[in-house]
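# Structural features, examined
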Amino acid sequence: MAKTKVVPGELTVRPLTPETWAAFADLAERHNGVWGGCWCTFFHTLHGEKTFEAADNRTLKERLVAEGRAHAALVFDGDVAVGWCEYGAPQELPNINHRKEYEAGLSEPPDYRLTCFFIDRRYRRQGVSAVALRGALELIAQAGGGVVEAYPQDTAGKQITASFLYNGTRSLFAQAGFTYSRPKGKNHCVMSATVSPA
């Protein structure tokens, strides 16, 4: 599939809501339900609650969106969603990788977590993740702001396949003003920033 050239300034960001669900669903369906049918539900449920079925994940995600319990900044090129950054309170996104290690170094939980990026394969490596991240931070500011935590991959400058970068990269978050806190797992870390209310 041919890459689509991103035109700076023409991408917009909208929140994931029942009104934007169809655009989100279209993006997910164009990519086999994202990560083989996850539908970006991995961080919403703990392992014992998962069915690992794409149809179940889609139903769960749609229900959470309808109930106002799933948040994301959706990036649009015109009317087509081309990426997102998922965010939410820890209670909304309780499942994170390397949980024991993370909790051992935790002094106080954040107000928000940024857990997942997904970019349309035609739009990758063109700055769409940065647009999604800025959009998520703006939406968090509009909701009152607070301490925001992220768990990006620490690539150490190496080129990594885009499909492994669902948490974003340390450099992406550093450029957005996040501060490195500590390592988490083999190749990830904890970073945070405080977002002021809008």
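Residues numbered from 1 in each chain as written. Predicted model: local features only at pLDDT ≥ 70, side-chain atom pairs only at ≥ 80, totals over all residues. Heavy atoms only, no water.

A covalent bond bridging the sulfur atoms of two cysteines is what the word disulfide describes. This model, assessed by the stated rule, comprises zero disulfides. Cys85 carries a free sulfur, and the closest cysteine sulfur to it, the one in Cys116, is 8.2 Å from it. The exposure class assigned to Cys85 is buried, which follows from its relative accessible area of 0%. Cys85 provides the cysteine sulfur closest to Cys189, a residue in no disulfide bond, and the two sulfurs are 15 Å apart. (Disulfide = S-S within 2.5 Å. Buried < 20%, exposed > 50% of the residue type's maximum accessible area, 1.4 Å probe, protein only.)

Bringing the environment of Cys189 into the picture now. Relative to the assigned elements, Cys189 resides in strand 7 (residues 188–195). Judged by its relative accessible area of 0%, Cys189 falls in the buried class. Expressed as a C-alpha distance, the spacing of Cys189 and Asp154, which sit 35 residues apart in the sequence, is 6.4 Å. Setting aside residues up to four positions removed in sequence, Cys189 forms contacts with Ala150, Tyr151, Pro152, Arg170, Tyr180, Arg182, Pro183 and Lys184. (Helix = DSSP H or I, 4+ residues; strand = E, 2+ residues; numbered from the N terminus. Contact = heavy atoms within 4.5 Å.)

Looking now at the pattern of salt bridges. This structure, assessed with the given rule, holds eleven salt bridges. Glu29 is the salt-bridge partner of Arg58, the closest N and O atoms lying 3.3 Å from each other. A residue pair is termed long-range when its members are at least 10 positions apart, and Arg58 in helix 2 (residues 54–66) and Glu29 in helix 1 (residues 21–30) qualify at 29 residues. Taking the relative accessible area as the measure of exposure, Glu29 reaches 47% and is therefore partly exposed. Here Asp120 ties to Arg30 by a salt bridge, and the two come within 2.8 Å at their closest N and O atoms. Pair noted here: Asp120 is in the loop between strand 4 (112–119) and helix 4 (128–142) and Arg30 is in helix 1, with a separation of 90 residues, a long-range link. According to the relative accessible area criterion, Asp120 is buried, its value standing at 0%. On the basis of relative accessibility, which here comes to 26%, the residue Arg30 falls in the partly exposed class. Ionic contacts of the salt-bridge type, sharing partners, join the residues Asp26, Arg30, Asp120 and Arg122 into one network. (Salt bridge = Lys/Arg side-chain N within 4 Å of Asp/Glu carboxyl O.)

Attention shifts here to unusual backbone geometry. With phi around 55 degrees, Trp39 is a residue other than glycine that occupies positive phi space. Structurally, the position occupied by Trp39 is in the loop between helix 1 and helix 2. Residue class for Trp39 comes out buried when judged on its relative accessible area of 4%. Positive phi is not limited to glycine here, since Arg125 has a value of about 60 degrees. For Arg125, the location among the structural elements is in the loop between strand 4 and helix 4. According to the relative accessible area criterion, Arg125 is exposed, its value standing at 53%.

Now for the nonpolar core. Core analysis: the biggest nonpolar cluster contains 30 residues, and Leu114, Val128, Leu133, Val148, Phe173 and Phe178 have the highest contact counts within it. Among the elements of the structure, strand 2 (71–77), strand 3 (80–88), strand 4, helix 4, strand 5 (146–150), helix 5 (170–175) and strand 7 are those that each provide at least two residues to this core. The biggest single contributor to this core is helix 4, with nine residues. Non-local contacts of Leu133, meaning those with residues more than four positions away in its chain, are made with Cys85, Leu114, Phe117, Leu172, Phe173, Ala176 and Phe178. (Core = buried A, V, L, I, M, F, W, Y, C linked by side-chain atoms within 4.5 Å.)

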